[in-house]
Amino acid sequence: MSVRYVAESRLPTPFGEFIMHGFEESGTGKEHLALTMGDLSQGGPVLARVHSECLTGDALFSMRCDCGPQLEAAMRKIAEAGRGVILYLRQEGRGIGLLNKVRAYQLQDTGLDTVEANEELGFAADLRKYDMCKTMLDHLGVQKLVLMTNNPKKVEALTRQGIDVVQRQPHQTGQNPHNEKYLTTKVWKLGHLYDTA
Ligand SMILES: Nc1nc2c(ncn2[C@@H]2O[C@H](COP(=O)(O)OP(=O)(O)OP(=O)(O)O)[C@@H](O)[C@H]2O)c(=O)[nH]1
Ligand SMILES: [Zn+2]
């Protein structure tokens, strides 16, 4: 799958000013973003977050997951460092889409966990792809990443795409009573590394 750069603009935020770079996937027409700060082509490995869209968590303050706090923490850490990149990938619901995620949440409300709900709907636990990332990072001049994630499979998937992840930085935040089971399931069924779940 190929992705092409379309346009960029300033993105002032409460944490600092990012540059927002827009990309479009050929074929699917999916639109992805990269938020950057500082000089990424020089100065060693770049602090990075590869974040999958979660409308409910990122924009609607949902406490069912940890996505919103993770996104905010990544923006804060990059702003503190004065340098870094966030790839914001439009693969909502681990790739099943927004309304299927609502269906999955409906099933979770009856007691299924996040993996069982996906399977009940006929989906694998995680349908995400990371094949757009290398082109996006190459466009930005990023060569090596320090990746903020708790998901070793994400590190493996990016490495398979030819991306040099020199270090995984744990990215634990946003625990609350509503996402306790969700975080525990990620550890037990999806292989996430999480200290206190
Ligand atoms: N299908 C489904 N997707 C979910 C659910 N909760 C969150 N998501 C999606 O999961 C994606 C985030 O994945 P996570 O498993 O939370 O974390 P990760 O990206 O693998 O790992 P980190 O880098 O540590 O955050 C986003 O696309 C969310 O929309 C759920 O219950 N069901
Ligand atoms: Zn989420």
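This one's a predicted model, so the numbers in the text were calculated from it and none came from an experiment.

Caption draft 1: Looking closely at the UniProt feature "domain: GTP cyclohydrolase II" (unreviewed entry) in the chain. The residues that UniProt annotates with the feature "domain: GTP cyclohydrolase II" (unreviewed entry) are residues 6-170. Note that residues 6-170 is 33% helix and 30% strand, and that its end C-alpha atoms are spaced 32 Å apart.

Caption draft 2: How the structure looks around the layout of surface pockets. The volume enclosed by the largest pocket comes to roughly 320 Å³. Together, 16 residues line the largest pocket, and Asp58, Gly68, Leu71, Glu72 and Met75 are the ones closest to its centre. For the lining of the largest pocket, the elements supplying multiple residues, two or more each, are strand S3 (31-37), helix H1 (55-59), helix H2 (67-81) and strand S5 (84-89). Grouping the amino acids of the lining of the largest pocket by side-chain chemistry returns 11 nonpolar, three polar and two charged.

Caption draft 3: Spatial organisation of the site of ligand 1. In the vicinity of ligand 1, 24 residues are found, and the nearest of them are Arg128, Thr149, Lys154, Tyr182 and Lys186. Contacts to ligand 1 include Gln70, whose side-chain N or O atom sits 2.9 Å from an oxygen atom. Note that an oxygen atom of ligand 1 is positioned 3.3 Å from one of the side-chain N or O atoms of Lys101. In a pocket analysis with a 2 Å cut-off to the grid points, ligand 1 is assigned to the largest cavity. If one sorts the elements of the shell around ligand 1 by residue count, helix H3 (residues 98-108) sits on top with three residues. For the shell around ligand 1, a count of residues per class yields four nonpolar, 11 polar and nine charged. Counting contributing residues per domain, the shell around ligand 1 is built from domain 1 (3-91 + 131-190) and domain 2 (92-127), each supplying no fewer than three.

Caption draft 4: Spatial organisation of the nonpolar core. Leu87 and Cys133 are the most contacted members of the largest nonpolar core, which has 24 residues in total. With four residues, the single largest contributor to this core is helix H5 (residues 133-140). Those residues in contact with Leu87 that sit more than four places away from it in its chain are Leu33, Ala34, Arg49, Val50, His51, Cys133, Met136, Leu137 and Leu140. Leu35, Ala74, Met75 and Val146 belong to the second largest nonpolar core, which has 12 residues in total.

Caption draft 5: Spatial organisation of the side chain of His192. The topology assignment puts His192 in the segment after helix H7 (180-190). Not counting chain neighbours up to four residues away, the residues in contact with His192 comprise Asn150, Asn151, Pro152, Lys186 and Val187.

Caption draft 6: Representation of H2. Given a rise of 1.5 Å per residue, 15 residues ought to cover 21 Å, and the 21 Å separating the end C-alpha atoms of H2 matches this to within 8%. Where H2 is concerned, the buried positions are Cys67, Gly68, Gln70, Leu71, Ala73, Ala74, Met75 and Ile78. A positive phi of about 75° marks Gly82, the residue just after H2.

Caption draft 7: Representation of empty space enclosed by the protein in the model. Applying the stated criterion across every chain yields a total of one cavity of 30 Å³ or more. Its boundaries defined by the atoms lining it, the largest cavity holds a volume of some 380 Å³. Secondary structure elements with two or more residues in the lining of the largest cavity: strand S4 (46-52), H2, H3, helix H4 (114-120) and H7. By residue number, the principal contributor to the lining of the largest cavity is H3, which donates four residues.

Caption draft 8: Looking closely at the pairing of S3. Within S3, five of the seven residues are buried, which leaves the element mostly enclosed by the surrounding structure. Looking at chain direction, strand S2 (residues 16-25) and S3 are connected through six bridges and run antiparallel. Pairing of Met20 across the sheet is with Leu35, part of S3. The turn joining S2 and S3, which pair antiparallel and follow one another in sequence, is formed by five residues; a positive phi near 90° is taken by Gly27. Pairing geometry for S3 and S5, over five bridges, is antiparallel. Each bridged residue has a counterpart across the sheet, and for Met37 the counterpart in S5 is Gly84.

About the thresholds
- Residues numbered from 1 in each chain as written.
- Chains lettered and ligands numbered in written order.
- Predicted model: local features only at pLDDT ≥ 70, side-chain atom pairs only at ≥ 80, totals over all residues.
- Heavy atoms only, no water.
- UniProt positions renumbered as here; feature names shortened; annotations may be inferred.
- Helix = DSSP H or I, 4+ residues; strand = E, 2+ residues; numbered from the N terminus.
- 1 Å grid on protein atoms, 1.4 Å probe; cavity = no way out; pocket = protein on both sides within 12 Å on 5 of 7 lines; lining within 4 Å.
- Points joined across faces, edges and corners; volume = space filled by probe spheres on them.
- Nonpolar A, V, L, I, M, F, W, Y, C, P; charged D, E, K, R; others polar.
- Near = heavy atom within 4 Å.
- Polar contact = N/O pair within 3.5 Å; in protein donor to acceptor, adjacent residues only side chain to side chain.
- Sits in = over half its atoms within 2 Å of the grid points.
- Domains from an automatic or database assignment.
- Core = buried A, V, L, I, M, F, W, Y, C linked by side-chain atoms within 4.5 Å.
- Buried < 20%, exposed > 50% of the residue type's maximum accessible area, 1.4 Å probe, protein only.
- Contact = heavy atoms within 4.5 Å.
- Expected span 1.5 Å × (residues − 1).
- Pairing = 2+ DSSP bridges.

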